[in-house]
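In case you want the letters, here they are:
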Amino acid sequence: MRIQIEKLSMEYKKGIKILDDINLSIGDGIYGLLGENGAGKSTLMKILVTLLQPTMGTVEISGMKLERQNYEPIKKMIGYLPQELGLYPNLTVQESLEYVGI
């Protein structure tokens, strides 16, 4: 699986920019994200697993653009275990159940 990220930015309400013009190419293999608290690791992962939509930029995962019509096949390729398990506040109950595959 290859991941190509170009000019990715994520801004939360109140103009708080978490990711700012990120360009990254990840090849086949196993990788980890390391960085200080608040560096944007969790935000980037939430974008990659379709939980958040970026403010700007493009992401391709195995040649598929990270767009709503590609969410299902992308979710089948990526496993994500957040540090703290819990419900995702931006998802409905139905969306939460569909996301975890129940």
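Keep in mind that this is a model prediction, so the values were computed, not measured.

The rules behind the values
Residues numbered from 1 in each chain as written. Predicted model: local features only at pLDDT ≥ 70, side-chain atom pairs only at ≥ 80, totals over all residues. Heavy atoms only, no water. Helix = DSSP H or I, 4+ residues; strand = E, 2+ residues; numbered from the N terminus. Rg over C-alpha atoms; globule rule 2.2 N^0.38 Å. Buried < 20%, exposed > 50% of the residue type's maximum accessible area, 1.4 Å probe, protein only. Areas by Shrake-Rupley, 256 points an atom, 1.4 Å probe, with all protein chains shown as cover. Lys, Arg positive; Asp, Glu negative; His and termini not counted. Charge placed at Lys NZ, Arg CZ, Asp CG, Glu CD. Polar contact = N/O pair within 3.5 Å; in protein donor to acceptor, adjacent residues only side chain to side chain. Contact = heavy atoms within 4.5 Å. Patch = residues over 30% accessible without salt bridge, like charges linked within 9 Å, V, L, I, M, F, W, Y side chains within 5 Å. Salt bridge = Lys/Arg side-chain N within 4 Å of Asp/Glu carboxyl O. Pairing = 2+ DSSP bridges. Core = buried A, V, L, I, M, F, W, Y, C linked by side-chain atoms within 4.5 Å.

**Some points on the overall build of the protein**
Okay, so step 1: Helix and strand counts for the protein stand at three helices and four strands.
Okay, so step 2: Each helix and strand of the protein, placed in order from N terminus to C terminus, yields the pattern β-β-α-β-β-α-α.
Okay, so step 3: The globule rule puts the C-alpha radius of gyration for 102 residues at 13 Å, and the 14 Å found for the protein is close to it.
Okay, so step 4: Principal-axis analysis of the C-alpha atoms gives the protein an extent of 35 × 35 × 25 Å.
Okay, so step 5: For the protein, the residues scored as buried account for 26% of the 102 residues in total.
Okay, so step 6: Total accessible area computed for the protein in this model is approximately 7500 Å², and 53% of it derives from carbon and sulfur atoms.
Okay, so step 7: In the protein, which carries 11 positive and 12 negative side-chain charges, the distance between the mean positions of the two groups comes to 3 Å.

**Considering the side chain of S9**
Okay, so step 1: Its location among the elements puts S9 in strand β1 (residues 3-12).
Okay, so step 2: Among the polar contacts made by the side chain of S9, one reaches the main-chain amide nitrogen of D21 at a distance of 2.9 Å.
Okay, so step 3: Not counting the four nearest positions on each side in its chain, S9 is found in contact with L19, D20, D21, P54, T55 and M56.

**So, a nonpolar patch on the surface**
Okay, so step 1: Together, V93, L97 and V100 make up a nonpolar patch on the protein surface, roughly 280 Å² of accessible area in all.
Okay, so step 2: Turning to its location among the elements, L97 is positioned in helix α3 (residues 93-100).

**Quick notes on the sheet that holds strand β3 (residues 56-61)**
Okay, so step 1: Taken in spatial order, the four strands make up an open sheet running β2-β1-β3-β4, and their pairing is antiparallel. A single partner strand is all that each edge strand has here, and the edge strands are β2 (16-26) and β4 (64-65).
Okay, so step 2: Bridge count for β1 against β3 is five bridges, and the pairing is antiparallel. Bridging from a neighbouring strand, Q4 pairs with E60 of β3.

**Thoughts on unusual backbone geometry**
Okay, so step 1: Phi is positive for K7, which is not a glycine, with a value near 50°.
Okay, so step 2: Along the chain, the position of K7 falls in strand β1.
Okay, so step 3: Of note in this structure, K14 is not a glycine but carries a positive phi near 70°.
Okay, so step 4: For K14, a relative accessible area of 79% gives the class exposed.

**Points about the nonpolar core**
Okay, so step 1: By size, the foremost hydrophobic cluster in this structure holds 19 residues, and its most contacted members are V59 and I61.
Okay, so step 2: Elements with a contribution of two residues or more to this core: β1, β2, α1 (41-48), β3 and α2 (71-77).
Okay, so step 3: Examining the composition of this core, we find that four residues originate from one element, β1, more than from any other.

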